[in-house]
Every structure is written in structure tokens, then in C-alpha cells.
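Structure assessment
Residues per chain, in single letters:
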Amino acid sequence: MDQDLSEILKIRRENLDKLRQNNINPFPYRYDRTHLSSGIIADFDSLSASESVIRAAGRIISWRGHGKTLFAHLQDGGGKIQIYLRKDDLGDELFESFSLYDIGDIIGVEGTVFRTKMGEITIKVAGFEILAKSLKPLPEKWHGLKDKEIRYRRRYLDLISNPEVRETFVKRAGIIRSIRDFLDKRNFLEVETPALQVMYGGANARPFVTHLNALDIDLYLRIADELYLKRLIVGGMEKVYEISKDFRNEGMDKNHNPEFTMLEFYWAYADYNDLMGLVEEMIHQVAAEVLGKDSVKSGEIDISFEGPFKRISFYDAIHKNTGKDIIGFSDNELKKLALDRGLDANGINSRGALLDLISSELVEPTLVQPTFLTDYPLELSPLAKKHRNDERITERFELFIGGVEFGNGFSELNDPDDQRRRFEAQAAAKSQGDEEAHPIDEDFIMALEHGMPPTTGYGLGIDRLVMLFTENSSIRDVILFPTMKPEPPSSRDYETEQE
């Protein structure tokens, strides 16, 4: 029968008071730990043969008593391990004091290791001490924490209850480390650019706005790193990259969080063809290093990262999926095509928005194996160079895997006059109600007027790559603390089970 939560909290507080009455500090300063659980298990043969005394520490996640003996499990950064307490070894007073400990308490134990009759590696405890008293019980401790809202809001409980979640974030760290190593070995320099910007840019997105009191000016949280990184190319830093937090004031879904992590890198004297080869190599190498294989599952489909990736142009892909060659279509013809295919094109007036709608709904979901969708329309690419063979399109690509975008790259526009015209076209779209259109950045144009060498650049959403490599379907599963709507105070307690 479940205990009432208030009664559980009362008992824990009483145990806390009893520890203090016995002159035991329930929150000491440190503990000399010699081994993690994983190390004890890995080195069991030598530790048991030598009867080495080890000191371990972790959170009590289960226990069961049998009169004069008690078994429990401790969870630490390496996993979990069983401990064994025996009254005849510890003495009556010390053994009985364990009754003041609760599931969730963090303790330190000292002893030797052995293997039980059931074959489980176990610490035979010769002494123990409290390291942190848990005043609230762990939720649903026997079954793992399942409620997604609680998991995301209280990630610490998620990590305690669901060890596989920790592995997701260990892999995330490995992915970022592997990307850094890949770029560093190719002489890219890691840099840092402003998160607070006087003029936002580098993407089509709505920014977050804040105010700097010292200068009495509005500032924007960056939506991308691009324009600052290209300023560095102008300054002679020929290979640069940044892994940073970006912020976009837009919708939230399984692929989007307002705060997210981006990799952007820029490479002077190269073009988008060179870049596609480098991206292929990077994705394949990171997968091999972090996953130990070059494929993952997406639903029932095996996705292979072995290059070369498929390449298809934007207009060819639409032609393939609609039977229509739309490169010469008028705006009205584009809208009719969208409406005829059941797309919600009402209220969409700009050519770029119509092209984006058609591609995102009719093409992108079909790109399952890694595919570079190339040669985007000029209207969708304000920062990309016009194609050397066709001025209606640009030397731009997006990488799609499993129907989801995994980065945007192009031969960078370095003609300042052309850049100004593109910015002005974006400003016109903004005046017609496009809240995500790119503003005119005069300082960036001035930088280009000093000369930027031929350059290519790429932006990759780290969170989406982690989702892919860890086979998670929601971006919230790969961000430790995703953005959440504030919860009412009345909902801050959760269901628990009897201890």
C-alpha cells in the first residue's frame, strides 16, 4: 500500500534530525573514494585475490533487509554495484544506524569485494557514512521515471532513474569532441563571436530582443554565427569554426528548441563542391568514432553514412516528386501547384516562401538516405553566390538525412554590391510581413568591400546530429534542460511509491 507523500517527507526529516542528534553531519564536505563501480567490476579478480580495501560512494537506489543482513545497490558515475552489510561485522549500533538511511541517500562505504552465490559482484561493507541526505523520495523508483514532462523539467531525476539517458549525453559530448578533433586536425581555428549583437543575421529567423541599459540600446541574441565568422575570413583567418548557442524566437516541435547548439565553419579558397566532400568525411568519421559503426536505425530503415552521399538539385527534386519543371513558373503558378497538392499556401505571397513550402512538404520527407539537396533558388539564399552556370540559382546545398535537414552550406557571396541587392530584396520581403527575412547589415557589407576571398561555409545543428546518432526522435531528449512552459506551483510534487 502506498504511503502518503507527506508522511514520507516527515519520516525523512525525522531521520535527518536523528542523525544530527547523534552528532553525524548529514552533509559532510568530502569523501576519499578509491573506485567507481565500473572499476570495481572491471578489476574484480585482482581486488578480490588481494583482499584490497576499497572505498566507494553513490546513491542508494534499492535495499532489502534479512534480519542481521542487508543488501543494497549504490549508483555512481560508473553504473551501480551491490553492497552487503552484516550485523556481526559492523556491530549492533552501526548496523542499526542504517535504518536512518533512505532510498536516494548518498553514502560512502569501505570494505572488500566478493561474488555472491548468485554471481553478483558485491562490496562487503566494513564501514559506511552518510554523504548527503535525500529529503525527497525518488519518483517511481522501481520502474524508472516515465513521465516526459517531469523528465525534461527535472533532468536530475531522469538521470537517476534512467541510466540510458546519461549514455545519450555521454555520446553527445563524444560527438562534439570528435567534431572538434576533425576540424582541428585540418587546421581550422576555433573562435568565439558575440552572442549579443547589435544587428542579427546569418539566417532567416525571428530574434529574441533584449536591452543594454549601459548604452541604452536594444540588442539581439544571435540567430547564427555566420556574419561574424565571415568578417574573420576578411581579416585573414582562413579556416575558422565555432560551436555555439544560437537563439531563434520561433515555433517549438520535435526538431526545434528556441535555444540550440550550432557548428559553423568557414573555409577560404574553397567552394561548395569541396565542402560537400568535407562534410561527408566528417559525418562518416564522427559516426565511426562515437558509435563504432557507419550506420544507424531510423525507424525500420538502416541509414548508412558511407560516402559519397547522394546529390540532387532543388528543382530536379521537385520535378521528380511532382512531375512539374517549375524553374520558370510564375508566383501564381507556384501557388496553384501548392494548393493543388493540398498545401496551405493561402496568405503566402513571396516567391521564396512558396518555393520553400513546396520543397519542405513534397521533397524533404523523401530524402531518407544522406542526400545533398543542391542549387537552391536565389530567393531562398541571400548569402550564397549565384551559380556559375545559372544566375537563377545559387551554389548552396542542404544535407538531409531521414527527411530532416542536417546543415546548410554554400559558396559564400563575396561581391558586396550583389550582397546589398540581396539584403534589399530581403528588406522588401520583411516590409510585406515576412518576419524571418534578413535585415540589411551595413557593417557586414563594409567588411566585404575590403575584400573576402572565395570562401565556403557550413552550419550544422549539433542537437539534430545527436538525435540521429542516439536514435532519439525528439530534440528535448538530447538537450539536458530544454525550454519548457513554466509549471504552476501546485504541480511541483510528483507521485511516489512506498519505500
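Residues numbered from 1 in each chain as written. Predicted model: local features only at pLDDT ≥ 70, side-chain atom pairs only at ≥ 80, totals over all residues. Heavy atoms only, no water.

**Regarding the overall build of the protein**
Of the regular secondary structure elements, the protein holds 16 helices and 20 strands. Summarising its shape, the C-alpha atoms of the protein cover approximately 90 × 50 × 50 Å along the three principal directions. Per-residue burial for the protein yields a buried fraction of 49% across its 499 residues. Across the protein, the fraction of contacts at a sequence separation of at least 24, relative to all contacts at a separation of at least 6, is 65%. Summing over all exposed atoms, the protein offers an accessible surface of approximately 24,200 Å²; the carbon and sulfur share of this is 49%. For the protein, the distance from the average position of its 64 positive side-chain charges to the average position of its 86 negative side-chain charges is 4 Å. (Helix = DSSP H or I, 4+ residues; strand = E, 2+ residues; numbered from the N terminus. Buried < 20%, exposed > 50% of the residue type's maximum accessible area, 1.4 Å probe, protein only. Contact = heavy atoms within 4.5 Å. Areas by Shrake-Rupley, 256 points an atom, 1.4 Å probe, with all protein chains shown as cover. Lys, Arg positive; Asp, Glu negative; His and termini not counted. Charge placed at Lys NZ, Arg CZ, Asp CG, Glu CD.)

**A look at the packing of aromatic side chains**
Throughout the structure, instances matching the rule amount to 17 aromatic pairs. Considering the side-chain rings of F71 and Y84, the 4.9 Å spacing of their centres and the 35° angle between planes classify their relative orientation as tilted. One end of the pair, F71, is in strand β2 (residues 69-76); the other, Y84, is in strand β3 (residues 79-86), and 13 residues separate them in sequence. Y84 carries the same exposure label as F71, and that label is buried. For the ring pair F265 and Y458, a centre distance of 5.8 Å and an interplane angle of 55° mean the geometry is tilted. Of this pair, F265 sits in strand β11 (residues 259-268) while Y458 sits in strand β20 (residues 455-461), and the two are 193 residues apart along the sequence. Exposure class is identical for F265 and Y458. Each is buried. (Phe/Tyr/Trp six-rings, centres within 6.5 Å; stacked < 30°, edge-to-face > 60°.)

**Quick word on the sheet that holds strand β9 (residues 217-221)**
Taken together, 3 strands build an open sheet; the order of strands is β7-β9-β8 and the sheet is antiparallel. The open sheet is flanked by β7 (196-197) and β8 (209-212), the only strands paired with a single partner. For β8 and β9, the ladder comprises 4 bridges, and the chain directions are antiparallel. Within β9, the position partnered with T210 by the bridge is L219. (Pairing = 2+ DSSP bridges.)

**A short note on helix α11 (residues 314-322)**
Taken residue by residue, α11 has F314, Y315, A317, I318 and T322 as its buried positions. Along α11, the residues classed as buried sweep out an arc of 160° about the axis, all on the same side. With its phi angle positive at about 80°, G323 sits one or two positions after the end of α11. (Arc of directions from axis to C-beta.)

**Side note on the pattern of salt bridges**
Evaluation of the coordinates by the stated rule reveals 36 salt bridges. Here K124 ties to D89 by a salt bridge, and the two come within 3.8 Å at their closest N and O atoms. Taken together, the residues span a long stretch of sequence, with K124 in strand β5 (residues 121-132) and D89 in helix α4 (residues 87-90) at a distance of 35 residues. Overall, K124 belongs to the partly exposed group, its relative accessible area being 34%. (Salt bridge = Lys/Arg side-chain N within 4 Å of Asp/Glu carboxyl O.)

**Re empty space enclosed by the protein**
Within the structure shown, the criterion is met by 1 cavity of 30 Å³ or more. Size it by volume and the largest cavity reaches roughly 30 Å³. In terms of lining residues, the largest cavity is bounded by Q197, M199, Y200, G201, A224, D225, L227, Y228, R231 and D441. Looking at the lining of the largest cavity, the element that brings in the most residues is helix α9 (residues 226-234), giving 3 residues. (1 Å grid on protein atoms, 1.4 Å probe; cavity = no way out; pocket = protein on both sides within 12 Å on 5 of 7 lines; lining within 4 Å. Points joined across faces, edges and corners; volume = space filled by probe spheres on them.)

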